[in-house]
Amino acid sequence: MIGLPLGTRVWLAAGVTDMRKGMDGLAALVQTTLAENPFSGHMFAFRGKRGDLLKLLWWSGDGMNLYVKRLERGRFVWPQATSGTVHLTSAQLSMLIEGIDWRRPMRTAQPELAA
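Treat the numbers as computed from the prediction; the structure is a model and nothing was measured.

Novice: Looking at this structure, I do not really get the pattern of salt bridges. What am I missing?
Specialist: A pair can form between side chains of opposite charge whenever their charged atoms are brought close. Per the stated rule, a full pass over the model turns up 3 salt bridges. One salt bridge in this structure joins R70 and E72, with 2.9 Å as the shortest N-O distance.

As C-alpha cells, this is what we get:
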C-alpha cells in the first residue's frame, strides 16, 4: 500500500472514466470535471467502464504519480452516481484496492463478557 502523508484526502471520481487517459489527461479531468487542484497533494481515483481497472493520481510534492491496478476477477466497487466525487478514508482506499466492498465492511462480532 502507498504510504500517504497525514491529511491526504482520497477522492473517487464518480461515473466512468476513459482509461486511455494518462496522468496529464486525468489531471485535466480533475481540474475541469471535479473542480479540484490535481497538485493539492490529494489522491484521485478513477474507474473504467468494465470496472476491473483502477487508476490513482497523486501529486507527491515533487512529481505526479499514476498507479494502475487491474483485477483478474471481479470489479472495483464504485458509487452509483454518474458525476461528482466521493471521499474515502485511507482504510476504505485499502479495501478498494484489494477489491473489497468498502461501502459495507463486515466487522467481527464484539465479545460481550470478558470472563
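Novice: Which parts of the structure should I look at to understand the sheet that holds strand β5 (residues 85-88)?
Specialist: Note on sheets: strands pair through backbone hydrogen bonds, and any given pair is parallel or antiparallel. Strand order across the open sheet formed by 5 strands is β4-β3-β2-β1-β5, with mixed pairing between neighbours. Either end of the sheet is taken by a strand with one partner, and the two such strands are β4 (64-70) and β5. Averaged over all neighbouring strand pairs, the angle between strand axes comes to 25 degrees, with direction disregarded. Where strand β1 (residues 10-13) and β5 come together, 4 bridges link them in antiparallel fashion. When the bridges of β5 are listed, L12 appears paired with V86.

Novice: Mind showing me how you'd approach the nonpolar core here?
Specialist: Grouped together as the largest cluster of nonpolar side chains are 17 residues, with contacts concentrated most on L12, L54, L56, L93, L96 and W102. Elements supplying a minimum of two residues to this core: β1, β2 (43-47), β3 (53-59) and α2 (90-97). When residues in this core are grouped by element, the largest group, 4 residues, is from α2. Setting aside residues no more than four positions away along its own chain, L54 makes contact with M19, A45, F46, Y67, V68, K69, F76, W78, L96 and I97. Counting residues in each nonpolar core, the second largest holds 10 residues, with W11, V30, L34 and L57 among its members.

Definitions and limits used
- Residues numbered from 1 in each chain as written.
- Predicted model: local features only at pLDDT ≥ 70, side-chain atom pairs only at ≥ 80, totals over all residues.
- Heavy atoms only, no water.
- Salt bridge = Lys/Arg side-chain N within 4 Å of Asp/Glu carboxyl O.
- Pairing = 2+ DSSP bridges.
- Helix = DSSP H or I, 4+ residues; strand = E, 2+ residues; numbered from the N terminus.
- Axes fitted to C-alpha atoms, helices over the stretch in contact; angles between N-to-C directions.
- Core = buried A, V, L, I, M, F, W, Y, C linked by side-chain atoms within 4.5 Å.
- Buried < 20%, exposed > 50% of the residue type's maximum accessible area, 1.4 Å probe, protein only.
- Contact = heavy atoms within 4.5 Å.

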